[in-house]
Amino acid sequence: MGSDPEKLIIKADKLTKLSLTRWSADWRGATLLYEQAAVGFRLAKDYEKAKVAFEKASKGQEMLSSQWDAAKHMESAAALAKELNNWGEVADFYRRASELYTECGRSQPASDALAKGARALEDAAPDEAIQLYTDACTILEEDGKEHMAFDLYRAATSVYIKLEKYADAATFLLRWGLAADKCKATHSQFKAYLSAIVVYLYAHDFKEAEKCYNDCSQIDAFLSSDQGRCASKLLSAYADGDIEEIKRVAQSSTISNLDHMIIRLARKLPTGDVSAMKANAGNEQEEPLDEDDLT
Amino acid sequence: MSTSSAISMPMVTMPLLASTPASKLTLNRLFMAAAVALNAEIRRTKARLLEEVVKLQKLVLKKVKGLTKEELSIRNDLVLALPERIRAIPDGSMAGAKQTANWAASASHKNIMFDSSDGNFDSEFFQQSEESSQFRQEYEMRRMKQDQGLDVISEGLDTLKNLANDMNEELDRQVPLIDEIDTKVDKATSDIKNTNVRLKETVTKMRSSQNFCIDIILLCVILGIASYLYNVLK
């Protein structure tokens, strides 16, 4: 079947178009021809036409009620759209593929499709990429497969940090901690919490960092863990305004076990004016002392 | 009562004795006596306070109505800090050492001071001091080296712990996946077994008539004869 892909497309189109002589479209034959044409175009490096052919093939498979194949074709079309740098179409195709996978009841490939889309869009349209990552995480969480979502969380956090949206990054890290908690992955959970505190400190938001630490301390295991101790050391170093201590804690092995983008942030600590934080912290501490004075 | 009189006595005799340098030593001794008496009283009070603190610790643990959890922990911390504060009150057991060292004759044997201002040393002492200082230096050096080595080990252990935890979580993640694979492979195996059985039945159906083998043998014979005839006739 090495005939010209163009001819195949024309033939397939004829099969699907309804006219006086044809009362019902022959999707089976048409889909076959579309697939062949698409492969032919891809070999000829004619990405635009190959993409169109894949789209039509996917539509054909849908008509044949085989969503799995339809989704697969959509993914191929999306990959070709990526070659063409057609970002809007990339997002659309991957979303459509993911929907088809969900109709099959297979959540893992659905989230994989969204993740592939997000990865493709990381550089070009990061906001869209983040949206895709979030949706992928939601799909997995709904299906109870949070442990597969860790990589997605990590990738989304790195995109946030690249965009310098530190508050969002920290919130996402806390969501990661929640997912880790649900599947009892305590080590990852504590690492996520420590990363969130580091991100807040990097964003020069000491109050948020302290609030975060207090929230996380509700979990007893976190307080007595390595990560919790490291967090408390870091916060007390900040409260004392001791730059040497901050640097020393940032070089410690606990921080070096986190993800590399968090390590990069930690090495750059302390940002900005540490002494200002020290003054703030000092003002806050004076009042409680009066209450505790027994005499 | 006795303490107050001990205090008042030096107050009276002080101007009389202050003049004579020889009696300055006696003056010191009188002050010493007063100080000792006061210290004794302080020690007695401290012991009594410590007993009270034990009772207070028991009380603090009881929950009082209208008290938040934080206040409870604050009180707990305070009570725990009390014994330290009580013990920190100087009751002369430390101050006494300094002053007794100045007494040439009745030096207290409890607190050995390395003061070199005391006069009764001869050359032997200095030799010993050299050896002991060398020993001390070596001890410090070895201890430092040990500390460094332990630091390195501790870092390595941290890395190991992190790796082990990550491996643990990864394996936990893989367990349900492998269970799924197990189920699917079981299903595939049973499908293949079914197919094999059906295939065997079909082939047996063909062979059981025994015509199959005979057909093939006869075909080969005919082909042989045909080729032989072809070769002969050529």
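These figures come from a predicted structure and were not determined experimentally.

Enquirer: Hey, could you run me through the overall build of chain A in this one?
Expert: Scanning chain A from N- to C-terminus turns up 17 helices and zero strands. Here chain A holds 295 residues, and 47% of them are scored as buried. Taking as baseline every contact in chain A between residues at least 6 positions apart, the subset at least 24 positions apart corresponds to 56%. Total accessible area on chain A is roughly 14900 Å²; 50% of this is exposed by carbon and sulfur atoms.

Enquirer: Before we go on, may I ask you to explain the packing of helix α1 (residues 5-16) of chain A against helix α2 (residues 27-43) of chain A in this structure?
Expert: A pair of packed helices is characterised by two quantities: the angle between their axes and the separation of those axes. All names here are of chain A. It is the contact of α1 with α2, at a shortest axis distance of 8 Å, that shows an interaxial angle of 160°. With respect to α2, the axis of α1 lies roughly antiparallel. Crossing handedness for the pair α1 and α2: left-handed. For the pair α1 and α2, the contacting residues are P5, E6, L8, I9, K11, A12, D13, L15 and T16 in the first and W27, G29, A30, L33, Y34, Q36, A37, G40 and F41 in the second. Of the residues belonging to the contact of α1 with α2, the class tally is 11 nonpolar, four polar and three charged.

Enquirer: Would you mind going over the interface of chain A and chain B with me for this structure?
Expert: As a measure of interface size, the accessible area lost when the parts come together is often cited. Taken together, the contacts link 13 residues of chain A with 12 residues of chain B. Between chain A and chain B, roughly 1200 Å² of surface is buried when both sides are summed, and carbon and sulfur atoms account for 47% of that area. Where chain A packs against chain B, one counts two salt bridges. Where B:D166 meets A:K191, a salt bridge forms, and the shortest distance between an N and an O atom there is 3.2 Å. Across the contact surface, chain A and chain B share nine residue pairs in polar contact (both at pLDDT 80 or more). In terms of residues, the side of chain A that touches chain B owes the most to one element, helix α10 (residues 186-202) of chain A, which gives four residues.

Enquirer: Explain the packing of α2(A) against helix α3 (residues 47-63) of chain A here, please?
Expert: Residues and elements named next belong to chain A. Closest axis-to-axis distance for the α2/α3 pair is 8 Å, and the angle between their directions is 155°. Here α2 lies roughly antiparallel to α3, going by the angle between them. α3 is crossed by α2, and the crossing has left-handed handedness. Within the contact between the two elements, α2 uses W27, T31, Y34, E35, A37, A38, F41 and R42 and α3 uses K49, A50, A53, F54, K56, A57, G60, Q61 and M63. Here the residues of the contact of α2 with α3 are counted per class, giving 10 nonpolar, three polar and four charged.

Enquirer: Looking at this structure, how should I read helix α5 (residues 87-104) of chain A?
Expert: All names here are of chain A. Between its first and last C-alpha, α5 extends 26 Å over 18 residues, near the 26 Å set by a 1.5 Å rise per residue. Among the residues of α5, those classed as buried are V90, A91, F93, Y94, A97, S98, L100 and Y101. Those residues of α5 that are buried are in contact with α3, α4 (67-83), α6 (107-121) and α7 (126-142). Phi turns positive one or two residues past the end of α5, at G105, with a value near 85°.

Enquirer: Got a minute to help me understand the confidence of the model for chain A in this structure?
Expert: Low pLDDT marks regions whose predicted coordinates should not be analysed in detail. The predicted model of chain A averages 84 in pLDDT, with 91% of residues at 70 or higher. In this model, residues 284-288 of chain A is a region of pLDDT below 50 whose contacts with residues beyond four sequence positions or in other chains number one contact.

Enquirer: How should I be thinking about the environment of A:F41 in this particular structure?
Expert: All names here are of chain A. Looking at where F41 falls in the secondary structure, it is placed in helix α2. Under the relative-accessibility criterion, F41 is labelled buried at 6%. On a C-alpha basis, the gap between F41 and E6 in space is 8.5 Å, while along the polypeptide they are 35 residues apart. Here F41 is in contact with P5, E6, I9, D46, K49, A50 and A53, once residues within four sequence places are set aside.

Enquirer: I tried to follow the state of the cysteines on my own but got confused; where do I start?
Expert: Working definition: the covalent bond between the sulfur atoms of two cysteines is a disulfide. Tallied over the full model, the rule gives zero disulfides over all chains. Of the cysteine sulfurs around A:C212, a residue in no disulfide, the closest is that of A:C216, at 4.1 Å.

Definitions and limits used
Residues numbered from 1 in each chain as written. Chains lettered and ligands numbered in written order. Predicted model: local features only at pLDDT ≥ 70, side-chain atom pairs only at ≥ 80, totals over all residues. Heavy atoms only, no water. Helix = DSSP H or I, 4+ residues; strand = E, 2+ residues; numbered from the N terminus. Buried < 20%, exposed > 50% of the residue type's maximum accessible area, 1.4 Å probe, protein only. Contact = heavy atoms within 4.5 Å. Areas by Shrake-Rupley, 256 points an atom, 1.4 Å probe, with all protein chains shown as cover. Axes fitted to C-alpha atoms, helices over the stretch in contact; angles between N-to-C directions. Parallel < 35°, antiparallel > 145°, perpendicular 65-115°, else oblique. Left-handed = near helix turned anticlockwise from the far one by under 90°. Nonpolar A, V, L, I, M, F, W, Y, C, P; charged D, E, K, R; others polar. Buried area = accessible area lost by both parts, 1.4 Å probe. Salt bridge = Lys/Arg side-chain N within 4 Å of Asp/Glu carboxyl O. Polar contact = N/O pair within 3.5 Å; in protein donor to acceptor, adjacent residues only side chain to side chain. Expected span 1.5 Å × (residues − 1). pLDDT = per-residue confidence, 0-100. Disulfide = S-S within 2.5 Å.

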